[in-house]
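Chain residues, written in single-letter form:
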Amino acid sequence: MWWPSSPLGAGPAAHPRPVYFINPPKIGLSVVSMIKVKVLGRGIEREIKWRKGLTVADVLREVGFNTESAIARINGRVALEDERVDENAFVEVIPVVSGG
């Protein structure tokens, strides 16, 4: 039951006849969690859609790296490639530099 508002106010005193919703419309909401990814030294910052089971290796692939060409830190802590990434995490990708 719901009472519409009017210049007199809202509720039973302003509107003695409430509005009844027999079958209110169903509204579907979906919440999408994102993780922030920053590639150090490259000026790349992206948000990636988080999904259950997302690993560090998945994140590296999303930004164009593999586990041999970069390492990752999750919320400031170095992470292994098979480690799961929590939703709303901050991932820093550190490209590996090699050569002579």
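Shown above is the structure to which this text applies.
Read on for an overview of the structure. (Residues numbered from 1 in each chain as written. Predicted model: local features only at pLDDT ≥ 70, side-chain atom pairs only at ≥ 80, totals over all residues. Heavy atoms only, no water.)

Mapped onto the elements of the fold, Arg 77 is located in strand 4 (residues 77-79). The partly exposed category is assigned to Arg 77, whose relative accessible area is 44%. Counting along the chain gives 15 residues from Arg 77 to Glu 92, while the straight-line C-alpha distance between them is 9.4 Å. In contact with Arg 77, not counting residues within four places along its chain, are Ala 72 and Glu 83. (Helix = DSSP H or I, 4+ residues; strand = E, 2+ residues; numbered from the N terminus. Buried < 20%, exposed > 50% of the residue type's maximum accessible area, 1.4 Å probe, protein only. Contact = heavy atoms within 4.5 Å.)

Under the counting rule described, the total for this entry stands at 4 salt bridges. Taking the shortest distance from any N to any O, the salt bridge between Asp 58 and Arg 51 comes out at 3.8 Å. A relative accessible area of 16% places Asp 58 in the buried class. Here Arg 77 ties to Glu 83 by a salt bridge, and the two come within 2.6 Å at their closest N and O atoms. Take Glu 83: its relative accessible area is 22%, and that puts it in the partly exposed class. Several salt bridges share partner residues, and in doing so they unite Arg 51, Asp 58 and Arg 61 into one network. (Salt bridge = Lys/Arg side-chain N within 4 Å of Asp/Glu carboxyl O.)

Let's shift gears to the nonpolar core. Counting 18 residues, the largest nonpolar core has Ile 35, Val 37, Val 59, Val 85, Val 91 and Val 93 as the members making the most contacts within it. Counting residues per element, the ones that place at least two in this core are strand 1 (34-39), helix 1 (56-62), strand 3 (70-74) and strand 5 (90-95). (Core = buried A, V, L, I, M, F, W, Y, C linked by side-chain atoms within 4.5 Å.)

As for its position among the elements, Ser 33 is in the segment before strand 1. Given a relative accessible area of 13%, Ser 33 falls into the buried group. A distance of 2.5 Å separates polar atoms of two side chains, one belonging to Ser 33 and the other to Glu 87. Those residues in contact with Ser 33 that sit more than four places away from it in its chain are Ile 48, Lys 49, Trp 50, Glu 87 and Asn 88. (Polar contact = N/O pair within 3.5 Å; in protein donor to acceptor, adjacent residues only side chain to side chain.)

All quantities given are derived from atomic positions and should not be read as evidence of function.
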